[in-house]
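So you can see what is in the structure, the chains are spelled out below.
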Amino acid sequence: MADETRLREEIVEAGRRLYKKGFVAANDGNVSVRLDGGRILITPSGVCKGDMDPGMMVVVDGDGKVLSGRLRPSSEMKMHLAVYRIRDDVRAIVHAHPPKATAFAVAGLPLDKLTLPEVVFSLGRVAFSEYGTPSTKQVPEAVVRVIGDAGAVLLANHGALTVGAGVMDAYFRMETLEHFAAITLYARLLGGERELSPKEESELIRIRRDVFGKTDG
Ligand SMILES: [Zn+2]
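Residues numbered from 1 in each chain as written. Predicted model: local features only at pLDDT ≥ 70, side-chain atom pairs only at ≥ 80, totals over all residues. Heavy atoms only, no water.

S.K.: Please set out the coordination of the zinc ion residue by residue, giving values where relevant.
M.R.: The zinc ion binds to the protein through His95 (NE2), His97 (NE2) and His158 (NE2), with metal-donor distances spanning 2.1 Å. For the zinc ion, the donor residues sit on a single chain with the sequence spacing H-x1-H-x60-H. With His95 in strand E5 (residues 92-96) and His158 in the loop between strand E7 (152-155) and strand E8 (159-164), this pair connects stretches of sequence that are 63 residues apart. The pair formed by His95 and His158 is uniform in burial state, with each residue classed as buried. (Donors = N, O, S within 2.8 Å, 3.2 Å for Na, K, Ca; no water. Helix = DSSP H or I, 4+ residues; strand = E, 2+ residues; numbered from the N terminus. Buried < 20%, exposed > 50% of the residue type's maximum accessible area, 1.4 Å probe, protein only.)

S.K.: Could you give an account of the nonpolar core, with specific residues and numbers?
M.R.: Within the largest apolar cluster, 37 residues are counted, with the highest numbers of intra-cluster contacts made by Leu18, Leu154 and Leu177. Where this core is concerned, the elements lending two or more residues are helix H1 (2-20), strand E1 (30-34), E5, helix H3 (99-107), helix H4 (117-123), E7 and helix H6 (167-189). For this core, the element with the most residues is H6, which contributes eight residues. When residues no more than four places from it in sequence are discounted, the contact partners of Leu177 are Ala101, Leu111, Leu123, Val126, Ala152, Leu154, Ala160 and Thr162. Met79, Leu81, Val90 and Leu161 belong to the second-largest nonpolar core, a separate cluster that totals 20 residues. (Core = buried A, V, L, I, M, F, W, Y, C linked by side-chain atoms within 4.5 Å. Contact = heavy atoms within 4.5 Å.)

S.K.: Which residues make up the pattern of salt bridges, and what are the values?
M.R.: On inspection of all chains with the given rule, the structure shows 15 salt bridges. Linking Arg6 and Asp3 is a salt bridge whose minimum nitrogen-to-oxygen distance equals 2.5 Å. You can see Arg6 and its partner Asp3 sitting in helix H1, three residues apart, about one turn around the helix. Judged by relative accessible area, Arg6 falls into the partly exposed class, the value being 39%. A relative accessible area of 42% places Asp3 in the partly exposed class. Note that Glu13 and Arg16 form a salt bridge whose closest N and O atoms lie 2.8 Å from each other. Of this pair, Glu13 and Arg16 both sit in helix H1, separated by three residues, roughly a single helical turn. (Salt bridge = Lys/Arg side-chain N within 4 Å of Asp/Glu carboxyl O.)

S.K.: Describe the packing of helix H2 (residues 77-86) against helix H5 (residues 138-146), naming the residues involved and giving the relevant values.
M.R.: Two elements in contact, H2 and H5, have axes whose closest approach is 8 Å; the angle formed by their N-to-C orientations is 30°. When the axis of H2 is compared with that of H5, the two are roughly parallel. Judged by the twist between their axes, the crossing of H2 over H5 is right-handed. Of H5, the residues touching H2 (which contributes Lys78, Met79, Ala82, Val83 and Ile86) are Val139, Pro140, Val143 and Val144. Of the residues assigned to the contact of H2 with H5, the class counts are eight nonpolar, no polar and one charged. (Axes fitted to C-alpha atoms, helices over the stretch in contact; angles between N-to-C directions. Parallel < 35°, antiparallel > 145°, perpendicular 65-115°, else oblique. Left-handed = near helix turned anticlockwise from the far one by under 90°. Nonpolar A, V, L, I, M, F, W, Y, C, P; charged D, E, K, R; others polar.)

If you want it as structure tokens, here you go:
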């Protein structure tokens with residue numbers, strides 16, 4: 001139970017940072033984390049994520065049935081549950097609309113060029129999923145089709161989703177994604193990015209494995 005208390009506080013903190021950074025507006029965005037017994041702790045809908053308290057979170061089972069909580073779970077809950085179903089390694093998920101990454105998603109431009117070591121080390125691959133009407137099953141279906149081992153997914157004409165080993169890990173990946181989008185945008189204003197060569201990329205993957213102990217997205 002102490003663990004659940006800490007996880008509720010972590011979600012509050014991630015929500016505060018998402019709102020302060022301008023990664024969400026008004027009541028946008030959602031954050032979730034796995035609890036034991038296949039349960040998921042998720043943010044409520046209709047609440048500003050910058051202004052939550054630990055008691056607002058909703059506990060649902062793997063099918064989205066509410067087990068406890070006085071508010072309704074996030075309208076994008078199906079997207080979270082679908083990712084947990086296919087990715088055992090994912091412990092937490094953040095969904096937001098950070099403006100620069102979302103601009104790439106709106107322009108239909110994937111962020112799939114390997115240009116920054118930091119992205120290889122901490123974010124991994126960024127997938128791009130087709131547009132689906134928010135809150136319908138089109139969104140989870142589109143995400144599940146492309147996520148593979150990616151650390152982030154750009155959601156066409158919508159926003160972004162990041163996954164992680166914990167709440168703050170998934171949150172920091174959202175920061176890295178937005179930073180990556182900003183740098184890519186600036187580089188294109190300056191004439192375009194230079195991609196890392198396959199040799200440079202394999203060197204980074206080796207370091208990531210040996211130094212950071214990571215083998216997945
Ligand atoms: Zn959204």
